[in-house]
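# Architecture and fold: a report
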Amino acid sequence: MENQKILKGAIVGFGFISSKGHMPAYADRFKNLRDVEIIAICDICPERISDVPDGVRFYSDYQELLAKEIDGLDFLDVSTHAADHYKIAKMGLELGLHVLCEKPLTTSIAEAKDLIQTAITCKRVLFPCHNYKHAPVVNAIREVVESGKIGKVKAITLNTFRNTHAIGTKEWMPDWRRHKEYSGGGIAMDHGSHSLYLTFEWLGGYPKSVTASSQNFSFPKYDTEDNFSAVYEFESGFANVHLSWTAGVRKVIYTLQGEKGAITVDDDQVQLAILHSDENESSSHKAMWNNEFYSVTSDWMDSSHVSWFNSMFDKFKTAIDQNDFENKEIMDAYFCIQSIMKAYESIENNSIKLSLENNFPRI
Ligand SMILES: NC(=O)c1ccc[n+]([C@@H]2O[C@H](COP(=O)([O-])OP(=O)(O)OC[C@H]3O[C@@H](n4cnc5c(N)ncnc54)[C@H](O)[C@@H]3O)[C@@H](O)[C@H]2O)c1
């Protein structure tokens, strides 16, 4: 620990997630592990300086931050609204920095492709904040799936219920998620990545097709959808993704059905049902389930998800240590964007079924 290199970083966009989630986790790591230190922060709102820790330099223009701080930096943490991720991350990569980027990576397929190609060309790690993979209850699901207890996963449902869209920092534009110009889309663009990268993991691949539908209960006040439903077909099965900002409740309910059993997750509560057949029954093969119930505390209500940050940052660090420029996480981010954009295309075309590529297209 004494001689290890301290990764020096700068944050661009110091609103809710970076001030309440990322920065406290970085400060904690600096104190306890001494492997990362934030030396500069940028936010276009000068008022955001009020949350900047002592000793960290503050800028209101990311280009100025990069010009002045580049020699002392190893990585950039991009935590602005979605539509600005691409240009800031691209500049960081081209200047030789590794980039940790909040989801969604970009708001178009072309931008995602270009950003990943830039990272590969510049030999820098581009890494998305796919933090739901690090929720304790998701780790518990992973253990069950990997143990083979429920067999090969064939069907999953991911329901994410919210009582409002997430509200951004009051000093800037709290409702930016409801304006397409800033968000690139509604709840599918904002939250879809979390559901999608979990489907990729649980179904072991990327989707082949999508059929989608959406509603905007707040039209014409806002121009982005607040409810979204899509079916994604995979080689091994299918996933049903439902997202709502108008559900009157904040919770996730995930179900996974495998060949030998099923898992249901309701926030922290897990039900594991293992299928067996009672051979003594006269009717051939009567299905029987052995149920197990347990709870895995995961802090779902804390939307900063600060407690999930550390293990995600460990993976970013490992990718840097291993020069893993085409890391699995960034490929997942590409397929998240493709899956979201193709769902939007399906919606615009009367919910027709559309095919998705499941190879990363090289230039
Ligand atoms: N992974 C998660 O669980 C999670 C949770 C919340 C938010 N997020 C993501 O984090 C990002 C930010 O969301 P938020 O809720 O913190 O929003 P926010 O509105 O609270 O913060 C965004 C900040 O970026 C600043 N900003 C905007 N444009 C800028 C620019 N060009 N240069 C510098 N600063 C700029 C704004 O002033 C604001 O302070 C989004 O991509 C969002 O999807 C992820």
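Residues numbered from 1 in each chain as written. Predicted model: local features only at pLDDT ≥ 70, side-chain atom pairs only at ≥ 80, totals over all residues.

## Some thoughts on the nonpolar core
Definition in use: By convention in this section, buried Ala, Val, Leu, Ile, Met, Phe, Trp, Tyr and Cys residues joined through C-beta atoms within 7 Å make up a nonpolar core. Counts of 20 or more other C-beta atoms within 10 Å of a residue's own C-beta define buried residues, counts of 12 or fewer define exposed ones, and intermediate counts define partly exposed ones; C-beta atoms are placed from the backbone. Going along the chain from the N terminus, every DSSP run of H or I of four or more residues is numbered as a helix, and every run of E of two or more is numbered as a strand. Each domain's extent is set by a domain assignment, obtained either automatically or from a database. By the criterion used throughout, residues are in contact when their C-beta atoms, derived from the backbone, lie within 7 Å.
Ala 10, Ala 89, Val 99, Leu 126 and Leu 256 are the most contacted members of the largest nonpolar core, which totals 94 residues. At 11 residues, helix H9 (residues 328–348) tops the list of elements feeding residues into this core. Looking at which domains feed residues into this core, each of domain 1 (7–130 + 309–325) and domain 2 (132–300 + 334–355) supplies at least three. If we skip the residues at most four places from it in the chain, Ala 10 touches Ile 38, Ile 39, Ala 40, Ile 41, Cys 42, Leu 65, Glu 69, Leu 73 and Leu 76.

## Thoughts on the site of the ligand
Rules: Note on definitions: a residue is near a molecule or strand provided its C-beta atom, placed from the backbone, lies within 6 Å of it. Residue polarity is assigned by list, with Asp, Glu, Lys and Arg as charged and Ala, Val, Leu, Ile, Met, Phe, Trp, Tyr, Cys and Pro as nonpolar; anything else, Gly included, falls into the polar class.
Taken together, 28 residues lie near the ligand, and Gly 13, Gly 15, Phe 16, Gly 168 and Trp 172 sit nearest. Split into classes, the residues belonging to the shell around the ligand amount to 13 nonpolar, nine polar and six charged. Each of domain 1 (7–130 + 309–325) and domain 2 (132–300 + 334–355) gives at least three residues to the shell around the ligand.

## Some points on the environment of Ile 17
Relative to the assigned elements, Ile 17 resides in helix H1 (residues 16–32). Taking the C-beta count within 10 Å as the criterion, Ile 17 has 26 such neighbours and is therefore assigned buried. When sequence neighbours within four positions are dropped, the list of residues in contact with Ile 17 reads His 22, Ser 79, Glu 102 and Ser 304.

## Some details on the domain arrangement of the chain
Assigned domains of the chain: these are domain 1 (7–130 + 309–325) and domain 2 (132–300 + 334–355). Using only C-alpha atoms to locate each centre, domain 1 and domain 2 end up separated by 27 Å. Each partner contributes to the interface: domain 1 provides 21 residues, whereas domain 2 provides 22 residues. Taken together, the elements giving at least two residues each to the side of domain 1 that touches domain 2 come down to helix H4 (109–122) and helix H8 (309–321). No other element matches the four residues that H4 contributes to the side of domain 1 that touches domain 2. Among the residues making up the side of domain 1 that touches domain 2, the classes are represented as 10 nonpolar, seven polar and four charged.

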